[in-house]
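Spelled out, the chains give:
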2 protein chains.
Amino acid sequence: MSLIKPRTLSGFRDYLPSVMIPREALMQTAREVFRSYGFAPIDTPTLEYLEVLSGKGSDETDRQIYRFQDNGGREVGMRFDLTVPLARFAAQHIGVLGTPFKRYHIAPVWRGERPQKGRYREFVQCDFDTIGTESVLADIEAVAVINGLLQAIGFDRFTISINNRAVLTGLLEHLGLADKSVPVLRSLDKLAKIGREKTATEMCEAAEIDPSQAEAVLKLAECDGDAESIFSQLPEVTGGNELAASGIDRLQQIYQGAVASGVPANRLKVDVSIARGLDYYTGVIFETTLDDLPTIGSVCSGGRYDNLAGIYTKQHLPGIGASLGLDRLLAAMEQLNLLPTASTPAPVFVAYFDKDFRDDYLRLAANLRTAGIKTEVYPDAKKLGAQLKYADSHGFTAAIIAGGNEWNESRVQVKTLATQDKQDIAYSHESPDDLVAALNAIVN
Amino acid sequence: MSLIKPRTLSGFRDYLPSVMIPREALMQTAREVFRSYGFAPIDTPTLEYLEVLSGKGSDETDRQIYRFQDNGGREVGMRFDLTVPLARFAAQHIGVLGTPFKRYHIAPVWRGERPQKGRYREFVQCDFDTIGTESVLADIEAVAVINGLLQAIGFDRFTISINNRAVLTGLLEHLGLADKSVPVLRSLDKLAKIGREKTATEMCEAAEIDPSQAEAVLKLAECDGDAESIFSQLPEVTGGNELAASGIDRLQQIYQGAVASGVPANRLKVDVSIARGLDYYTGVIFETTLDDLPTIGSVCSGGRYDNLAGIYTKQHLPGIGASLGLDRLLAAMEQLNLLPTASTPAPVFVAYFDKDFRDDYLRLAANLRTAGIKTEVYPDAKKLGAQLKYADSHGFTAAIIAGGNEWNESRVQVKTLATQDKQDIAYSHESPDDLVAALNAIVN
């Protein structure tokens, strides 16, 4: 029989243990942070009716959906984000769930886009949302959660940029350009990339506005400095518009509340130039960048929306949420050498030395696990050198070596793999405490 | 615009928080047990080349694969189990991974079978395997892992049945029926359901054997009693066949090693009648049943196989593994009232009483989180009754209530929701220790 070539599809990848171990740790950290704020987990099907998925999407999203006809002749698709399933879920279950409804959802999504370096057709999204409230407290909490996530993952130097769509919308209203927000935002989004002059020109053309209007928009986007200074500039720059004023007030409340919630002020930046591509945000918006690696872009973004599930239900469901870019963060942590490299989750390795004592190795390992020490026993009684090579290459911290002599004398040898230090430790199955203490000293 | 009906596909389901909370806890417990033995996590793509997926499957499996042509014209399918992807993964990466390779994989799989009560087209599998060793130590460890899983999940009364395919194969060899194992096994599998007589008749017809041969097979399957008694009967019942003798010896080693590893002997049952449907097991096989709910069938099954990835690589990869029936266990736990019912992961609820003190509620909650207490703040300053109703219905344990008076007097009220007990506790943002202590006493 000829062999089938083992391979993965283009744009898809295997996760080997050395990558999957920190990836699982990241997901677990995120869960713990979400839970600590009372966000509850949900899960939804991978496959949905195509009409449910493509209901509100753009043409581009639609093209990217993995779609097919199932055996029952239904048109189905694989979810391409966690927001559309959340909207469908909320519309379907909100009567049982009640509001406010706080959920997190960590799950893969699929997009048939052209694969690029660091971008895959299957990737995990990690979202949290609070639905059914317009309270600024939920906005503040979202900022605190983002701070908590990055901090718990191990980052110290990062910046959460906050803005409120109402500020720019208010200015446009003041300028008589209320209906021009989409082309204006689209041009403004390019400011950092193409510079002031080209942005102004493009804005005038795209939105059919005059240069003084473009100038007023750019002046707003260029408000810079610390939060206090920006808050003092904004009323004038927005021409005293009322909508803008209420937007500024909300931004101030969010800023102040986040600091009260323990977010260090130097991690917060009021940035009225950020817009986020999605049309669906209507209030506050967030982006988060790593100070040591700003080029990778935002690692946690989100914002407030007026109505989550309008295409599925008449119930008005405002909310706020954000999405942690898990795989982007992993790549960043790899670049910043923040990832462990072990390919085993267990720190302690037990060499299998003498077949006559097989059940003793097993019992010793069981004793260590009972004491909370993760322990692997090598399965084959091979030469010690081969076993220790395996232990080294997998990144174990300590190895336990015992042959007939050691067992008969109620002791084992403990080897610290990084330093090659060896110690003889008294051990019997009835009195494992010395060994547990010695290992805890090495492993922790 | 007309609304799109929010609904899920037949055979698929949403997981609401009250179900997803224990489901996530179950998965986390499984991960911890796997890791404690040095099993490392991996992940593989949801979509694979169809030829990779259907390479070794039966016709029935093939029919159940969700398959389609992707945008690039490739024939692809969604994985229907985690074993085929493991085989492909091992064939592709074993050079980097080395052996022994110990992995766990917890991930959804999809099967387009007719939906039935309690069976879904999308469900999570939870597998562990040790690849690249024939050592009995790996077999013993598999039994210890199964015991560790069930115990950590919270079960006390369960039975791990173990058998070795070599025992029956040896008997068939002795009877001159070595080539009849498939029809004999298929008939034998029905013993419990259709009884001795009908099984014998069917076996004679299906395998074209004579009644005395069927009698010998049934006599083996009916060996009963404690392990010692079974081990003493088996040599005679298998006619002294050598292959059977080595199979019996291995079973004895597994039994003895498992007990040495801390598996209580009363949870182990040597049962030479179990066969497992899959042809691909060649050595020891396991099934696990809950003593209080035997009718739901095996909740953790597996066994040893000769060669994992023969259709993808010439490298011989023997191994052993098992699969935890996560969703079946969840259903069992629900029936046995072992599941918590809360729809929040946080035990402490903070009522939002007085808008003037918004940032104080936030800071108090931040202080509790720092002390490790998961805490939710209600986002809207609604009437207290409505807030406490929300707290009750979500299953919070304690509520913190503070209005202007309390804040000004540096105290808060703590209400134990189950008993309606109230306490006044001194609290200031600088000295949260009394409150932390009071809550820990209620929550833990």
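Everything quoted here is computed from the prediction, not taken from an experiment. (Residues numbered from 1 in each chain as written. Chains lettered and ligands numbered in written order. Predicted model: local features only at pLDDT ≥ 70, side-chain atom pairs only at ≥ 80, totals over all residues. Heavy atoms only, no water.)

**Examining the overall build of chain A**
Of regular secondary structure, chain A possesses 17 helices and 16 strands. For the C-alpha atoms alone, the extent of chain A along its principal axes is close to 90 × 60 × 45 Å. For chain A, the proportion of its 444 residues judged to be buried stands at 58%. Sequence-distant contacts, at least 24 apart, represent 66% of the contacts inside chain A between residues at least 6 apart. With an accessible surface of roughly 18400 Å², chain A has 46% of that area assigned to carbon and sulfur atoms. (Helix = DSSP H or I, 4+ residues; strand = E, 2+ residues; numbered from the N terminus. Buried < 20%, exposed > 50% of the residue type's maximum accessible area, 1.4 Å probe, protein only. Contact = heavy atoms within 4.5 Å. Areas by Shrake-Rupley, 256 points an atom, 1.4 Å probe, with all protein chains shown as cover.)

**Observations concerning the packing of helix α6 (residues 165–174) of chain A against helix α12 (residues 242–260) of chain A**
All names here are of chain A. For the pair α6 and α12, interaxial distance at closest approach is 7 Å and the crossing angle is 165 degrees. By the angle between their axes, α6 is roughly antiparallel relative to α12. As α6 runs across α12, the sense of the crossing is left-handed. Listed contacts from α12 to Ala 166, Val 167, Thr 169, Gly 170, Leu 171 and Glu 173 of α6 are Leu 243, Ala 244, Gly 247, Ile 248 and Leu 251. (Axes fitted to C-alpha atoms, helices over the stretch in contact; angles between N-to-C directions. Parallel < 35°, antiparallel > 145°, perpendicular 65-115°, else oblique. Left-handed = near helix turned anticlockwise from the far one by under 90°.)

**Let's talk about the relation of the copies chain B and chain A**
Relative to chain A, chain B is turned by 180 degrees and slid 0.0 Å along the rotation axis, the superposed coordinates differing by an RMSD of 0.0 Å. This pairing of chains is accounted for by a two-fold axis. Scanning chain B for the C-alpha nearest the rotation axis identifies Phe68(B), at a separation of 3.1 Å. Interface residue correspondence from chain B to chain A reaches 99%, placing this contact among same-surface, isologous pairings. (Least-squares fit on C-alpha atoms with pLDDT ≥ 70 in both.)

**A closer look at the packing of aromatic side chains**
To describe a pair of aromatic rings, you give the distance between the ring centres and the angle between the ring planes. Tallied over the entire structure, the rule returns 33 aromatic pairs over all chains. Residues Phe39(A) and Phe128(A) carry aromatic rings whose centres are separated by 5.4 Å and whose planes lie at 80 degrees to one another, so their mutual orientation is edge-to-face. Placement of Phe39(A) in the loop between α1 (17–36) and β1 (40–41) and of Phe128(A) in strand β6 (residues 122–131) is noted, with a sequence separation of 89 residues between them. Overall, Phe39(A) belongs to the buried group, its relative accessible area being 1%. A relative accessible area of 2% places Phe128(A) in the buried class. Linked through ring pairs, Phe12(A), Tyr66(A), Phe68(A), Phe12(B), Tyr66(B) and Phe68(B) together constitute an aromatic cluster. (Phe/Tyr/Trp six-rings, centres within 6.5 Å; stacked < 30°, edge-to-face > 60°.)

**Focus on the sheet that holds strand β8 (residues 268–270) of chain B**
Residue and element names in this part refer to chain B. Taken in spatial order, the eight strands line up as β1-β5-β6-β11-β10-β9-β7-β8 in an open sheet, and their pairing is mixed. Only two strands of the sheet have a single neighbouring strand rather than two, namely β1 (40–41) and β8. Where strand β10 (residues 300–305) lies against strand β11 (residues 319–324), six bridges are found, and the strand directions are antiparallel. For Ser 301, the partnering residue across the bridge sits in β11 and is Ser 323. Running at roughly 120 degrees to strand β6 (residues 122–131), helix α13 (residues 326–335) makes contact with β6, β9 (284–290) and β11 of the sheet. (Pairing = 2+ DSSP bridges.)

**With respect to the domain arrangement of chain A**
Domain boundaries in chain A define domain 1 (9–156 + 293–341), domain 2 (158–290) and domain 3 (348–443). Using only C-alpha atoms to locate each centre, domain 2 of chain A and domain 3 of chain A end up separated by 61 Å. (Domains from an automatic or database assignment.)

**Examining helix α13 (residues 326–335) of chain A**
Since one α-helical turn is 3.6 residues long, residues separated by three or four positions face the same way. Residue and element names in this part refer to chain A. Regarding α13, the residues found buried are Leu 326, Leu 329, Leu 330, Ala 332 and Met 333. Mapping the buried residues of α13 onto a view down its axis gives an arc of 160 degrees, with all of them on the same face. Turned more than 90 degrees off the buried face of α13, the exposed positions are Glu 334 and Gln 335. Buried residues along α13 sit in contact with α1, β6, α5 (136–153), β9 (284–290) and β11 (319–324). Of the residues flanking the end of α13, it is Asn 337, one or two places downstream, whose phi is positive at about 55 degrees. (Arc of directions from axis to C-beta.)

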